[in-house]
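Inside the fold
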Amino acid sequence: MRLLIVWALSFSLSACSSVPLQAKRDLVGMARSDLIACAGVPDNVAALPDGEVLQWRQDQQVQGPFTIKGPMSLELDLSGHGTCHFVARLRQGRVAQVEYTGPSGTLLGPYSACRPLVLACERYVRKG
């Protein structure tokens with residue numbers, strides 16, 4: 001039983017961090033309109049001489065569901081906390097680069113707070 005719990009925990013931890021890392025690769029080449037359709041309207045847009053940069057912000061602390069509470073207000077929280085800014089650089093109307101910024105170094109991985117921002121786009125890429 002312990003082995004099953006450890007396996008399930010490690011699987012969920014890796015899944016939170018792997019989606020944003022996959023998106024860094026998978027979203028390259030996606031059309032601007034498709035990116036906005038899956039990620040939503042960006043919070044910031046900056047025009048560049050060779051394209052543009054779109055940014056989505058997740059500034060609320062993201063918290064996962066794994067908390068152990070004990071007696072006398074003892075609490076162990078193994079969930080993810082952090083914020084994320086998802087930044088996409090576009091050239092000729094297509095994604096050329098994806099980066100993440102924000103303090104999102106958590107137990108669930110360095111990009112776990114970014115997962116909600118790119119999950120729909122990653123699913124879109126997998127379906128198409």
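Residues numbered from 1 in each chain as written. Predicted model: local features only at pLDDT ≥ 70, side-chain atom pairs only at ≥ 80, totals over all residues. Heavy atoms only, no water.

1. Observations regarding the overall build of the protein chain
Scanning the protein chain for helices and strands turns up three helices and six strands. Taking all 128 residues of the protein chain together, 34% fall into the buried category. Pairs at least 24 apart in sequence give 58% of the contacts found in the protein chain among residues at least 6 apart. Just so you have it, the protein chain exposes about 8,000 Å², and 59% of that area is on carbon and sulfur atoms. (Helix = DSSP H or I, 4+ residues; strand = E, 2+ residues; numbered from the N terminus. Buried < 20%, exposed > 50% of the residue type's maximum accessible area, 1.4 Å probe, protein only. Contact = heavy atoms within 4.5 Å. Areas by Shrake-Rupley, 256 points an atom, 1.4 Å probe, with all protein chains shown as cover.)

2. Here's the deal with the confidence of the model for the protein chain
Averaged over all residues, the pLDDT of the protein chain equals 79, while 70% of them reach at least 70. When mean pLDDT is compared element by element in the protein chain, strand 1 (residues 44–48) scores highest at 97, while helix 1 (residues 2–26) scores lowest at 61. Segment residues 2–16 is flagged for pLDDT under 50; beyond a separation of four residues in sequence, or across chains, it makes seven contacts in the model. (pLDDT = per-residue confidence, 0-100.)

3. Looking at the side chain of D26
With respect to the element layout, D26 can be found in helix 1. A distance of 3.3 Å separates polar atoms of two side chains, one belonging to D26 and the other to R25. When sequence neighbours within four positions are dropped, the list of residues in contact with D26 reads E122, V125 and R126. (Polar contact = N/O pair within 3.5 Å; in protein donor to acceptor, adjacent residues only side chain to side chain.)

4. Quick look at helix 3 (residues 115–127)
Taking 1.5 Å per residue as the helical rise, helix 3 with its 13 residues ought to reach 18 Å, and the 18 Å between its terminal C-alpha atoms agrees with that figure. All of the buried residues in helix 3 are L117, V118, L119, C121 and E122. (Expected span 1.5 Å × (residues − 1).)

5. Some words on unusual backbone geometry
One non-glycine residue with positive phi stands out, namely Q92, at about 55°. Mapped onto the secondary structure, Q92 falls in the loop between strand 5 (84–91) and strand 6 (94–101).

6. Section: the state of the cysteines
Here the structure, examined in full by the defined rule, presents two disulfides. Between C38 and C121 runs a disulfide, and the two sulfur atoms are separated by 1.9 Å. The sign of the 95° torsion about the S-S bond sets the C38-C121 disulfide as right-handed. Taken together, the residues C38 in helix 2 (residues 32–39) and C121 in helix 3 connect sequence positions 83 residues apart. Take C38 and C121: they sit in the same class, and that class is buried. (Disulfide = S-S within 2.5 Å.)

7. A short note on the pairing of strand 6
Note that strand 5 and strand 6 share seven bridges and pair antiparallel. Residue V87 lies in a different strand from strand 6, and its bridge partner there is E99. Linking strand 5 back to strand 6 in an antiparallel pair, the connection comprises two residues, with Q92 at a positive phi of about 55°. (Pairing = 2+ DSSP bridges.)

8. Some thoughts on helix 2
When helix 2 is considered as a whole, its buried residues turn out to be L35, C38 and A39. Each buried residue of helix 2 sits inside an arc of 85° when the element is viewed along its axis, so together they form one side. Of the exposed residues in helix 2, the ones pointing more than 90 degrees away from its buried face are S33 and A37. Following helix 2 by one or two positions, G40 has its phi on the positive side, about 95°. (Arc of directions from axis to C-beta.)

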